[in-house]
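What the coordinates show
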Amino acid sequence: MILNLFFKMSMGEFGEAVSSFVGDTEDPGLMSTLKILMLLLVVSSITRAIFWFAFNRNLSAILTVLGIAVTVFAVFYFLMVELHSPNSSQHVITMADNAPSNLDSYRAQGKTAFVVGYTGETGKELVKELSRTKIFDKVTLIGRRKVEYDSDLLKDFNVEQKIVDFKTLEESADLFQGHDVGYCCLGSYAEGDEGYERVDRDYILTTANLAKQGGTTHFHLVSVRGASPERTPLYYRIKGEVEEKMKSMGFDRLSIYKPGLLMCDREEIRPVQWILQKLFTPVVFFAPYVAPCVGPVPTTTLATALVHVTAAPKQESLEILEGRDIHRLGNSS
């Protein structure tokens, strides 16, 4: 396999070489990142071996050439993926360009919203952004535990927390009544197959059903890049199945966000993601310009994108927003 990879690269068939080793070049998220790192490790190891035998008297030269080779390889990989990724639609560009005026117009409409999953990393940033922009007359936080917020966040922010048991969420259907907008930032981690099915499927679909019955017209779902009912990994398959079911629920407007690796300071320890975040921290600054489609997405950027999409006038009943779109919307002033 390794020889075949280098043969294809030597023949200029870079895209096919990457596909033959990694699989789908748009395979996203954490698994994709791990595959990329594995591929780079293989390439760097072979490169190092070659230069070790050729120049074993000059270790610094070996490491320098090795670093350049790996860097060039990574740049070409990301460029290949970016070139095969669709550009942001005119609708997304318009939403980003008109974000400030949209916020002002939306704020005057006196709407209300609920947030499910506000204790997670994306949910936390979303609450902060809603407090900062104050585009709703009232925000209801629906979750399993109460969060103590500082006085600065609560200043002039009409927010209320409602504690529920997600296993019997239907019994709290009244909490979903009368909201114009619903945000679902629920997600599980390291809970195994049962956890994915319970949280990432059952809880989310129940939330969406209750929101639809309660009159919510605009529903926001934070999913993951690469989610598809056809995927083999259970996590991605469940996320994809949920997306498909959401599309058939009949919301007046459904916005689905599909970021890749989320950058944030998590309270709980996730060793692999922690390592990847440290490796990709320098990339965050350049991601919107170099590799917005596959690059990491800070949770602050995602939260801002959620609010900007909310305030934008409806153009389509279904909006699917991936890395490039999220960066454009989340970094618009």
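Please read these numbers as outputs of a predicted model, since none were measured by experiment.

1. Re helix H7 (residues 121-133)
Its 13 residues give H7 an end-to-end C-alpha distance of 19 Å, which sits within 8% of 18 Å, the value for a rise of 1.5 Å per residue. Counting buried residues along H7, 10 of its 13 residues qualify, which places the element largely inside the surrounding structure. Of all the positions in H7, only Glu121, Thr122, Gly123, Glu125, Leu126, Val127, Glu129, Leu130, Ser131 and Thr133 are classed as buried. A positive phi of about 50° marks Lys134, the residue just after H7.

2. Quick notes on the packing of helix H5 (residues 90-97) against helix H13 (residues 323-330)
For any two helices packed against each other, the geometry comes down to the angle between their axes and how far apart the axes lie. Here H5 crosses H13 at 20°, and the two axes come no closer than 8 Å. As the angle between them shows, H5 and H13 are arranged roughly parallel. Judged by the twist between their axes, the crossing of H5 over H13 is right-handed. Here H5 contributes Val92, Ile93, Met95 and Ala96 to the contact with H13, which in turn contributes Asp325, Arg328 and Leu329. For the contact of H5 with H13, the per-class residue count stands at 5 nonpolar, no polar and 2 charged.

3. As for the packing of aromatic side chains
If you walk through the whole model with that rule in mind, you get 7 aromatic pairs. Seen in terms of ring centroids, Phe136 and Tyr183 are 6.3 Å apart; in terms of plane orientation they differ by 80°. Their pairing is edge-to-face. Here Tyr183 lies in strand S4 (residues 181-184) and Phe136 lies in the loop between H7 and strand S2 (138-143), a separation of 47 residues in the sequence. Both residues of the pair, Phe136 and Tyr183, count as buried. Arranged with centres 5.0 Å apart and planes meeting at 20°, the rings of Phe219 and Phe251 form a pair that is stacked. With a gap of 32 residues between them, Phe219 in strand S5 (residues 218-222) and Phe251 in the loop between helix H10 (234-247) and strand S6 (253-258) connect regions that are remote in the sequence. Given the relative accessible area of 0%, Phe219 is considered buried. In this structure Phe251 comes out as buried when scored by relative accessible area, which is 8%. An aromatic cluster is built from Tyr106, Phe136 and Tyr183, whose rings are joined through pairwise contacts.

4. Considerations on the nonpolar core
Membership of the largest hydrophobic core comes to 35 residues, with the highest contact counts inside it found for Val115, Leu126, Leu130, Phe136, Tyr183, Leu302 and Leu329. Mapped by element, the contributors of at least two residues to this core are H5, helix H6 (99-107), strand S1 (112-116), H7, S2, S4, helix H12 (299-311) and H13. Here this core gets 7 residues from one element, more than from any other, and that element is H12. The contacts of Leu329, once residues within four sequence positions are left out, are Val92, Met95, Ala96, Thr304, Ala305, His308, Val309 and Leu321. In terms of nonpolar packing, the next biggest core, distinct from the first, is built from 28 residues, Phe114, Leu175, Leu205 and Ile238 among them.

5. What to know about H5
Along H5, the positions that sit buried rather than exposed are His91, Val92, Met95 and Ala96. Along the axis of H5, the buried residues cluster in a sector spanning 135°; they form a single face. Projecting away from the buried face of H5 at angles above 90 degrees are the exposed residues Gln90 and Asp97. Next to the buried residues of H5 lie H6, S6, H12, strand S9 (318-322) and H13.

6. Points about the pairing of S1
Burial analysis of S1 places 5 of its 5 residues in the buried class, the great majority of the element. Sheet topology note: the S1/S2 ladder contains 5 bridges and is parallel. When the bridges of S2 are listed, Thr112 appears paired with Lys138. Taken together, S1, H7 and S2 form a β-α-β motif whose crossover is right-handed. Across 4 bridges, S1 lies against S4 in parallel orientation. Its bridge partner lying in S4, Val116 is registered against Cys184.

Rules used in this analysis
- Every chain is numbered independently, its residues counted from 1 as its sequence is written.
- With pLDDT at 70 or above as the cut-off, local features in this predicted model cover only qualifying residues; side-chain atom pairs require 80 or more to be listed or tallied, and sums for whole chains, interfaces and linings still use all residues.
- With hydrogens and water set aside, each side-chain value is computed from the structure's full complement of heavy atoms.
- The helix and strand labels rest on DSSP assignments: H or I over at least four residues marks a helix, E over at least two residues marks a strand, and numbering proceeds from the N terminus.
- Given the number of residues in a helix, its expected span is that number minus one, multiplied by 1.5 Å.
- Buried, partly exposed and exposed residues are distinguished by accessible area as a fraction of the type maximum, computed with a 1.4 Å probe on protein chains only: under 20%, between the cut-offs, and over 50%, respectively.
- Lines fitted to C-alpha atoms define the axes, with helix axes restricted to the stretch in contact, and inter-axis angles between N-to-C directions lie between 0 and 180 degrees.
- Working rule for angles: under 35 degrees goes down as roughly parallel, over 145 as roughly antiparallel, 65 to 115 as roughly perpendicular, anything else as oblique.
- Crossing handedness: left-handed means the near helix sits turned counterclockwise from the far one by under a right angle, and right-handed means the same turn made clockwise.
- Here, two residues are considered to be in contact whenever any of their heavy atoms come within 4.5 Å of each other.
- Polar here means any residue other than Ala, Val, Leu, Ile, Met, Phe, Trp, Tyr, Cys and Pro, which are nonpolar, and Asp, Glu, Lys and Arg, which are charged; Gly is therefore polar.
- Two aromatic rings from Phe, Tyr or Trp, using only the six-membered ring of Trp, form a pair when their centres are within 6.5 Å; if the ring planes differ by under 30 degrees the pair is stacked, by over 60 it is edge-to-face, and anything between is tilted.
- Put simply, buried Ala, Val, Leu, Ile, Met, Phe, Trp, Tyr and Cys residues joined by side-chain atoms within 4.5 Å make one nonpolar core.
- The arc refers to the directions leading from the helix axis to the C-beta atoms.
- A strand pair is defined by DSSP finding two or more bridges across the two strands.
- A right-handed crossover is one whose linking path, passing over the helix from the first strand to the second, runs clockwise when the strands point away from the viewer.

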